[in-house]
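Here are the chains, one letter per residue:
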Amino acid sequence: MSLIFVFFMMIFCHIIDDFVLQGKLANFKQKGWWKENYPDKKYEYDFIICLILHAFEWTFMIMLPLAIYVKFDVTLLYVVGFILNTVIHAIIDHFKCNKLAFCLEADQIMHIVQIILTFGIFILSQKIGFNFN
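Residues numbered from 1 in each chain as written. Predicted model: local features only at pLDDT ≥ 70, side-chain atom pairs only at ≥ 80, totals over all residues. Heavy atoms only, no water.

The next thing to look at is unusual backbone geometry. Positioned with a positive phi, K71 is a non-glycine residue whose angle comes to about 55°. With respect to the secondary-structure elements, K71 resides in the loop between α4 (46-69) and α5 (76-97). Judged by its relative accessible area of 72%, K71 falls in the exposed class. The phi dihedral of L100 falls on the positive side, at around 50°, and the residue is not glycine. Among the structural elements, L100 can be located in the loop between α5 and α6 (104-128). On the basis of relative accessibility, which here comes to 67%, the residue L100 falls in the exposed class. (Helix = DSSP H or I, 4+ residues; strand = E, 2+ residues; numbered from the N terminus. Buried < 20%, exposed > 50% of the residue type's maximum accessible area, 1.4 Å probe, protein only.)

If you want it as C-alpha cells, here you go:
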C-alpha cells in the first residue's frame, strides 16, 4: 500500500469522523449543552466523558489506516500513540467547545497537525525498525 494513500486515508477518516459520524457527541461534548438541557448538578461533568468518547472514536478512525498498513501488527508505539492522540484531541476539543479559545479553522489545523505528526512518527519508526514490540 502506498504511504501517500495511507496519509490521505487518515485525512479522509478525520473528515468522516469529525463531520459525519460525530452525531450527538458534537452537542454532548459541550458543557453549555448540559447546563441548558440538564441543569441538575449531577450532570455538571458529563461533557467530559463525551469529549473522551469522541476523541477515542476520532483516534480509532485516523489510526485505522496505519493499523491496516502494518497488517494489524500493533505495537506498544501504536498503543502509546493512540492514547496520546485521544488525550490531545479531547483537550483541543475542550478548548474549542467549552473554553471558546479558538475557532473551527484553528481546531481543524490542530487536528491535521496531529495527523501529520502521527503519520510521520509512525512511518519513520517503521522505516528504522523502532517499534517498541
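This is not the end of the story, as more comes after the structure.
On to the state of the cysteines. The final tally for this structure, using the stated rule, is zero disulfides. For C97, which is in no disulfide, the shortest distance to another cysteine sulfur is to C50 and amounts to 11 Å. Overall, the relative accessible area of 13% leaves C97 in the buried class. Not part of a disulfide, C103 finds its nearest cysteine sulfur in C97, a span of 12 Å. Classification of C103 by relative accessible area gives partly exposed; the value is 40%. (Disulfide = S-S within 2.5 Å.)

The next subject is the side chain of H54. Here H54 shows up in helix α4. For H54, a relative accessible area of 0% corresponds to the buried category. A distance of 3.0 Å separates the side chain of H54 from the side chain of D18, its partner in a polar contact. Not counting the four nearest positions on each side in its chain, H54 is found in contact with D17, D18, Q22, L25, K29, H89 and D93. (Polar contact = N/O pair within 3.5 Å; in protein donor to acceptor, adjacent residues only side chain to side chain. Contact = heavy atoms within 4.5 Å.)

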